[in-house]
Each structure stands twice: as C-alpha cells, then as structure tokens.
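Structural characterization, general
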Amino acid sequence: MYSVKKGFTLVEIAISTTLFAIIIIVVYSSFNLGLGIWRDRLSVKKSLQPIRVGLLKMEKELKSTFPYSGIPFKGTKNEISFPLVVSKEDITKIDTVTYYIEKGEDSDSVRVLRKEAQNTRTILEGLDSASFNYAFKSSSPLETFLWKEDFDGEKLKSLPKGIRVSLVLKKEGFDKIISIPQGELISE
C-alpha cells in the first residue's frame, strides 16, 4: 500500500508565500495611493479658503458702492477704485477704497491688496496671476454684454453692471463675477 504524507513541500510554501506577499503589496499600494489623493485634495481645499474669504470681502464692498460725484468709480485690469461708506470708531464717512494687484514677495507670484486712506493690507497672495474686467452693454443683439479691461466712471457717469475677478492659483483658474445692483449697462 501507498503511504500518504501530511504537510506541504518547500515549493508549495514558497509559491503561497510569494502570492500572499504580492496581494499584500497591491492592497498596501492602493491604500497608500488613495491616502495620497485624499491629502492632496485636503491641501487644495485649505489653499482655496483664503481665496474664498478674500473674494467674499471684495464682493460685499463692491456691492455696497454707489455713484458719488466726489469719488468716481475707476477700474483698470490691475486696479479698482470706488467710493464706500466706511466706519472707524465713531466716525462714518465716504472714502475711496482701492483693490490693486502687484508683484508678490517672490517675483513669480502676484498679490491683491486693499487700500483705504493710509491703511493697506494684503487680501490674497501667492497667486500666479490676477485681473479685473468690467461689464459693458454689447451693440450686438446676440450678446447681452461684453467684458472690457477699463472702466472710467468719471467719464461715463455711472458704475459698471458687473466686475469679473480672474485669479490663477497653481495653474488653476477661478473667475468670480460680482454684479453691482446700482450699476448700468453702458454701451461701448
């Protein structure tokens, strides 16, 4: 009769150990890749938070501007200047608020600053680029309005109907369109 030996051969153990190791490596790599993607998304969300806050502050102030003969609304690709009611301590007055774009601390980046009277502070920094555009009524019946890089409220005697703030951060573009309730669509 034949005798049956119980147990595994060395070849069977080596093959099963190799297969188990391959499965563990694949599972670990997949988990590690997913964890890396999650960390990247979390860091992107954190880097976008200052942009959201800066744009909300800018939007609130631009929506509160109004036509005022003493301080006309003026805008270029790199600067917006407009009248705003500001309160400091117990004093409320109409003042000029200016948002402008300048080179950052490192020459590869730009930042957006806010100036009011003698007070200047950085709103957004570390951007690849930034610009402002202004809504004008189009003469074409197919387009309701078009965007231009300049707005002279002193000459036009009004406010723009909208302002587009374009930002680029880490090669990703963000556009915020801010409508001005008191603004008029002026034909250009």
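Before any of the text, the structure's been laid out above.
Since we're looking at a predicted model, the values are computed, not measured.

About the thresholds
- Residues numbered from 1 in each chain as written.
- Predicted model: local features only at pLDDT ≥ 70, side-chain atom pairs only at ≥ 80, totals over all residues.
- Heavy atoms only, no water.
- Helix = DSSP H or I, 4+ residues; strand = E, 2+ residues; numbered from the N terminus.
- Rg over C-alpha atoms; globule rule 2.2 N^0.38 Å.
- Buried < 20%, exposed > 50% of the residue type's maximum accessible area, 1.4 Å probe, protein only.
- Contact = heavy atoms within 4.5 Å.
- Lys, Arg positive; Asp, Glu negative; His and termini not counted.
- Charge placed at Lys NZ, Arg CZ, Asp CG, Glu CD.
- 1 Å grid on protein atoms, 1.4 Å probe; cavity = no way out; pocket = protein on both sides within 12 Å on 5 of 7 lines; lining within 4 Å.
- Points joined across faces, edges and corners; volume = space filled by probe spheres on them.
- Pairing = 2+ DSSP bridges.
- Core = buried A, V, L, I, M, F, W, Y, C linked by side-chain atoms within 4.5 Å.
- Axes fitted to C-alpha atoms, helices over the stretch in contact; angles between N-to-C directions.

Structural notes on the overall build of the chain
From N to C terminus, the chain includes two helices and 10 strands. For the chain, the sequential pattern of α-helices and β-strands runs α-β-β-β-β-β-β-β-β-α-β-β. Computed over its C-alpha atoms, the radius of gyration of the chain comes to 29 Å, more than 25% above the 16 Å expected for a compact globule of 188 residues. With the C-alpha coordinates of the chain rotated into their principal frame, the extents come out at 115 × 50 × 30 Å. Within the chain, buried positions represent 32% of all 188 residues. For the chain, restricting intrachain contacts to residue pairs at least 6 apart in sequence, the fraction spanning at least 24 positions comes to 44%. Side-chain charges in the chain split into 28 positive and 24 negative, and the spacing between the mean points of these groups amounts to 7 Å.

Examining the layout of surface pockets
The calculated volume of the largest pocket comes to roughly 160 Å³. Taken together, 13 residues make up the lining of the largest pocket; nearest its centre are Tyr68, Ser69, Pro72, Gly153 and Lys157.

Comments concerning the sheet that holds strand S4 (residues 110–116)
Here six strands make up an open sheet; going across it, the order is S5-S4-S3-S2-S1-S8 and the pairing antiparallel. Looking at the sheet topology across the chains shown, the edges are occupied by strand S5 (119–127) and strand S8 (151–152). Here strand S3 (residues 91–103) runs beside S4; their pairing, made up of seven bridges, is antiparallel. Residue pairing across strands places tyrosine 99 opposite arginine 114, the latter belonging to S4.

Concerning the nonpolar core
Of all hydrophobic cores here, the largest spans 30 residues; its most connected members are Leu62, Phe73 and Leu127. Those elements that provide at least two residues to this core are helix H1 (10–63), strand S2 (79–88), S3, S4, S5, strand S6 (129–137) and strand S9 (162–169). Here the element with the most residues in this core is H1; it accounts for five residues. If near-sequence neighbours (up to four positions away) are discounted, leucine 62 is found in contact with Phe73, Ile80, Phe82, Ile163, Ile178 and Ile180.

Focus on the sheet that holds S9
Overall, antiparallel pairing links the four strands, which are arranged S7-S6-S9-S10 in an open sheet. In this open sheet, the two strands that pair with only one neighbour each are strand S7 (145–148) and strand S10 (172–179). The average undirected angle you get between the axes of adjacent strands in this sheet is 25°. Pairing of S9 with S10 involves eight bridges; the strand directions are antiparallel. When the sheet's bridge partners are listed, leucine 167 is paired in S10 with phenylalanine 174.

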